[in-house]
Structure formats: structure tokens, C-alpha cells
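Each chain, written out:
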Amino acid sequence: MKKIEAFIRHEAFDPIRAELLDMGVPALSILEVKGSGRQRGEVERYRGSALMIGVRPKLKLEIVVEEGEVGPIVETIQRHARSGEAGDGKIFVLPVEGAIRIRTGEGGEKVLQGREEPETA
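The rules behind each value
- Residues numbered from 1 in each chain as written.
- Predicted model: local features only at pLDDT ≥ 70, side-chain atom pairs only at ≥ 80, totals over all residues.
- Heavy atoms only, no water.
- Salt bridge = Lys/Arg side-chain N within 4 Å of Asp/Glu carboxyl O.
- Pairing = 2+ DSSP bridges.
- Helix = DSSP H or I, 4+ residues; strand = E, 2+ residues; numbered from the N terminus.
- Buried < 20%, exposed > 50% of the residue type's maximum accessible area, 1.4 Å probe, protein only.
- Lys, Arg positive; Asp, Glu negative; His and termini not counted.
- Polar contact = N/O pair within 3.5 Å; in protein donor to acceptor, adjacent residues only side chain to side chain.
- Axes fitted to C-alpha atoms, helices over the stretch in contact; angles between N-to-C directions.
- Parallel < 35°, antiparallel > 145°, perpendicular 65-115°, else oblique.
- Left-handed = near helix turned anticlockwise from the far one by under 90°.
- Contact = heavy atoms within 4.5 Å.
- Nonpolar A, V, L, I, M, F, W, Y, C, P; charged D, E, K, R; others polar.
- Arc of directions from axis to C-beta.

1. Regarding the pattern of salt bridges
Scanning the model with the defined rule gives 7 salt bridges in all. Bridged by salt links that share partners, the residues Lys3, Glu5, Lys60 and Glu62 form one connected network.

Okay, here's the thing in C-alpha cells:
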């Protein structure tokens, strides 16, 4: 199992989310974060004064998938998040040693994306 962590601009989220849903990847975590990279912030004007904004708002996506699903997901994120400008973000792929569904106690890859039939009421 692998965990994909992607730091992206807010405007890139909707097309990424739509394509991930089409690919059958419904489960992800989204966090609003702030950070700085090579761009080192931007100068903005407020009431005639120049202000250096050192950190920029981003979204952090966290997705845990089987190893074979990493390539298409990373390609999707890159395609929609890349503008060619500084600040497009970063993607990290990390190993995951285990996963446990709290409700049932099940473990392993069967607790990942779409591994069970939806419950009917």
C-alpha cells in the first residue's frame, strides 16, 4: 500500500476530484494548509503599502491506495495541478505498513478504495 500526499493550489482541486471519482477513487482526505517553497512568498499591496506574504494557502490531498494504482493517480494530479508557474505544488509517495477499518477491525488492502459492497439500508 502507498500513501499519496499532494500539495496543490485550490483551483486545481475540482478537476482532480472529478477525475479521481471517474477512476473509482472516492476516498481521500483534504486539508487546508499554508506553506512556502521556492517562490518564497509574494508581495501584495494593502492600502498603498507593500506586504510580503511568506506563506501561501494550499490544499493537501491524502490518498491511500494499492501500489498498482499510484501511477494513474499521480498522473491525474500532475495533469490538473501543473500551470508551469512556481507554486504548483509537490507530490510525495510514501509506504504504508498497514490499514485498519475501525468499525469492523478488518485490516490490509481490503479496507482501501471500493473494496466492499455498499451497505443497503
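2. So, the pairing of strand E1 (residues 2-8)
Of the pairings in the sheet, the one linking E1 to strand E5 (residues 56-65) comprises 7 bridges and is antiparallel in character. Its bridge partner being in E5, Ile4 is matched across the sheet by Ile63.

3. Thoughts on the side chain of Lys58
Tracing the backbone through its elements, the reader meets Lys58 in strand E5. No salt bridge forms around the buried Lys58; measuring N to O, its nearest opposite-charge neighbour Asp88 is 6.8 Å away. A polar side-chain atom of Lys58 sits 2.3 Å from the main-chain carbonyl oxygen of Gly87.

4. Comments concerning the packing of helix H1 (residues 13-22) against helix H2 (residues 70-81)
Orientation of H1 relative to H2, taken along the N-to-C sense of each, is 150°, at an axis distance of 9 Å. Between H1 and H2, the angle is such that the two are roughly antiparallel. Here the hand of the crossing between H1 and H2 comes out right-handed. Contact with H1, carried on its side by Pro15, Ile16, Glu19 and Leu20, involves Ile73, Thr76, Ile77, Arg79, His80 and Ala81 of H2 and no other residues of that element. Across the contact of H1 with H2, the residue classes tally to 6 nonpolar, 2 polar and 2 charged.

5. Re H1
Listing the buried residues of H1 in full gives Phe13, Ile16 and Leu20. All buried residues of H1 project into a common sector of 70° when viewed along the axis, lining one side. Exposed residues on H1 whose side chains face more than 90 degrees from its buried face are Asp14 and Asp22. In the stretch just after H1, Gly24 is the one whose phi turns positive, near 85°.

Take it as geometry only, folks, not as evidence of what the structure does.
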